[in-house]
Amino acid sequence: MRFVWVDAGNDPAYSVLEKHAIDGCFFDVREARLLSAYLNAVKAKGYAVGVYVVDSWPEIRDLGGEAAAEWMHARVGQIVVTTTAVSFPKVQFDLERHDPDWIAACLTRWRELRPKQDTSWTMEPMQGGWMSPAFVQSVLSCRVRVVPQYYGGQMHPFAADRCFRDLLIRGFPENVISGFYDAAALPAGWNGWAFTQGRLPQ
């Protein structure tokens, strides 16, 4: 699993993706061009397809957690009408507000609306300190993959092993954790997500 965020307004750069053995593309869910036909064309080339949403976007930053999930549910429904395709598209929530009640409400409501959709939650590095056992259990009950970022806001690197262990000791099992790497500095043997296509070495 080697997925990359495609920068808004860009199409997949297939020659670059092939160079880095990328096998999945995630798109900004707000883009009007994201219709089923567009994503199917990417899928037809052998790529997994997904969409991402960021909690600081004006569309959802002032909503409650449940309402944010409902907004995302509606938007995904505009892209792909059927609700039975659990991996088309995959969905990633980038939730970085350090508000466990909001995040739990968002993911719980999402699961009520989309019980089986392939879903992941990404957050900044080393966030385990504010995660209570009850919060961790609520996230696990939502059956989402947790994706710690291995870079900071200025794209400075964090030790991947420390970020991974930070969530592991909080109670997330190893098999639900995947890393999010800076696409400009992908390590050998990486597996998870890369930020972003535009940062991949040409």
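Everything that follows concerns the structure shown earlier in this document.
Everything quoted here is computed from the prediction, not taken from an experiment.

1. Side note on the pattern of salt bridges
Scanning the model with the defined rule gives 9 salt bridges in all. Salt-bridge contacts for Arg109 lead to Glu112; the nearest nitrogen and oxygen are separated by 3.0 Å. Of the two residues, Arg109 and Glu112 both sit in helix H4 (residues 100-113), 3 residues apart, roughly one turn of that helix. According to the relative accessible area criterion, Glu112 is exposed, its value standing at 52%. It is possible to trace a salt-bridge network through shared partners that takes in Asp11, Glu31 and Arg33.

2. A look at the sheet that holds strand S1 (residues 2-5)
As summarised here, the arrangement of the 8 strands in space is S6-S5-S4-S3-S2-S1-S8-S7, forming an open sheet in which the pairing is parallel. The open sheet has two edge strands with one neighbour each: strand S6 (145-148) and strand S7 (179-182). Between one strand axis and the next, the sheet turns by 25° as a mean value, whatever way the strands run. Note that strand S4 (residues 90-94) and strand S5 (residues 119-123) share 4 bridges and pair parallel. Each bridged residue has a counterpart across the sheet, and for Phe93 the counterpart in S5 is Trp121. In the packing of helix H2 (residues 36-44) onto the sheet, the strands contacted are strand S2 (24-28) and strand S3 (48-54), and the crossing angle to S2 comes to about 160°.

3. Some thoughts on the pairing of S5
It is a general feature of regular strands that their side chains alternate between the two faces of the sheet. Burial of S5 is extensive: 5 of the 5 residues sit out of reach of the surface. Across the two faces of S5 the burial is the same, with Thr119, Trp121 and Met123 and Ser120 and Thr122 all buried. Handedness of the crossover joining S4 and S5 through H4: right-handed. Bridge analysis of S5 against S6 gives 4 bridges, and the strand direction is parallel. Looking across to S6, one finds that Thr122 is bridged to Val147. As a crossover connection, the stretch from S5 through helix H5 (residues 133-141) into S6 is right-handed.

4. Brief notes about the pairing of S4
Within S4, 5 of the 5 residues are buried, leaving the element largely enclosed by the surrounding structure. Covered by surrounding structure in S4 are Lys90, Gln92 and Asp94 together with Val91 and Phe93, the residues of both alternating faces.

5. Things to note about the packing of aromatic side chains
The tally for this structure, following the rule as stated, stands at 17 aromatic pairs. Ring geometry for Trp130 against Phe135: centres 5.4 Å apart, planes inclined by 50°, an arrangement best described as tilted. Here Tyr151 and Phe180 contribute two aromatic rings whose centre-to-centre distance is 6.0 Å and whose plane-to-plane angle is 90°, an arrangement assigned as edge-to-face. Note that Tyr151 is positioned in the loop between S6 and helix H6 (160-168) and Phe180 in strand S7, a separation of 29 residues in sequence. The burial state of Tyr151 is the same as that of Phe180; both residues are buried. Taken together through their ring pairs, the aromatic side chains of Trp5, Tyr52, Trp57, Tyr151, Phe180 and Phe195 make up a single cluster. Just above the ring of Trp57 sits the side chain of Arg30; from NZ or CZ to the centre is 3.6 Å. One Lys or Arg, Arg97, reaches over the ring of Trp102 and ends 3.8 Å from the middle of that ring.

Conventions adopted
- Residue numbers restart at each chain and count upward from 1, following the sequence in its written direction.
- Residues qualify for local features only when their pLDDT is at least 70, as the model is predicted, and side-chain atom pairs are given and counted only at 80 or more; totals for whole chains, interfaces and linings, by contrast, use all residues.
- Hydrogens and water molecules were not included; the side-chain quantities draw on all heavy atoms of the structure.
- Salt bridge criterion: a side-chain nitrogen from Lys or Arg within 4 Å of a carboxyl oxygen from Asp or Glu.
- Strands here mean DSSP runs of E at least two residues long; helices mean DSSP runs of H or I at least four residues long; both are numbered from the N terminus.
- Think of it in three bands: with a 1.4 Å probe and only protein chains considered, a residue is buried below 20% of the maximum accessible area for its type, exposed above 50%, and partly exposed in between.
- At least two DSSP bridges between two strands are needed for those strands to be called paired.
- Axes here refer to lines fitted to C-alpha atoms; in helices the fit is confined to the stretch in contact. Angles between the N-to-C directions go from 0 to 180 degrees.
- Here a residue-residue contact requires only that any non-hydrogen atoms of the pair lie within 4.5 Å.
- The handedness of a crossover follows from its direction of travel: if, with the strands pointing away from the viewer, the path from the first strand over the helix to the second runs clockwise, the crossover is right-handed.
- Each Phe, Tyr or Trp ring (for Trp, its six-membered ring) is paired with any other whose centre lies within 6.5 Å, and the angle between the two planes then decides the class: stacked below 30 degrees, edge-to-face above 60, tilted in between.
- Lysine NZ or arginine CZ positioned within 6 Å of the ring centre and within 35 degrees of the ring normal marks a charge as sitting over the ring.

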